[in-house]
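As a plain string of letters, each chain reads:
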Amino acid sequence: RVGHFHSVHSSPVAGNDPYLSKSTPPGSLTVNNEVYQAEGVPVTILQRRAPHLNGHSAAFASELIAWIKEAGFAQVLVV
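Here is what the cut-offs are and how they apply
- Residues numbered from 1 in each chain as written.
- Predicted model: local features only at pLDDT ≥ 70, side-chain atom pairs only at ≥ 80, totals over all residues.
- Heavy atoms only, no water.
- Helix = DSSP H or I, 4+ residues; strand = E, 2+ residues; numbered from the N terminus.
- Polar contact = N/O pair within 3.5 Å; in protein donor to acceptor, adjacent residues only side chain to side chain.
- Contact = heavy atoms within 4.5 Å.
- Expected span 1.5 Å × (residues − 1).
- Phe/Tyr/Trp six-rings, centres within 6.5 Å; stacked < 30°, edge-to-face > 60°.

> I keep staring at the side chain of Thr30 and nothing clicks. Help me out?
You can see Thr30 is positioned in strand S3 (residues 29-31). A polar contact of 2.8 Å, which involves the side chain of Thr30, links it to the side chain of Glu34. Reaching out from Thr30, the side chain makes a polar contact with the side chain of Arg49 at a distance of 2.6 Å. Other than its neighbours up to four places away in sequence, Thr30 contacts Arg1, Val13, Ala14, Gly15, Asn16, Asp17, Pro18 and Arg49.

Now the structure itself:
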């Protein structure tokens, strides 16, 4: 995990990190829109764990597209 995508158009979610390992600090949390990248792989993955708010789909999509363009990602997989 390299970060998260904050959007006022997504339902708020926080919970225990499902990928805990020996290198993960105890008490680590996961949030609604997390960003993942693997070294040497030119792909960024945005994992959504919560839906956008009712009536906010177009606003969420516009915000996400703007973020993707600003970050200059070559590829983005939304899960």
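> In this structure, what is going on with helix H1 (residues 57-71)? I would like to understand it.
Side chains of residues three or four places apart in an α-helix project in the same direction, reflecting 3.6 residues per turn. Compared with an ideal rise of 1.5 Å per residue, which puts 15 residues at 21 Å, H1 spans 21 Å between its outermost C-alpha atoms and is within 8% of the ideal. Positive phi appears at Gly72, one or two residues downstream of H1, with a value of about 75 degrees.

> Would you mind going over the packing of aromatic side chains with me for this structure?
How two aromatic rings sit relative to each other is given by the distance of their centres and the angle of their planes. One pass over the full model with this rule turns up three aromatic pairs. A network of ring pairs unites the aromatic residues Phe5, Phe60, Trp67 and Phe73 as a single cluster.

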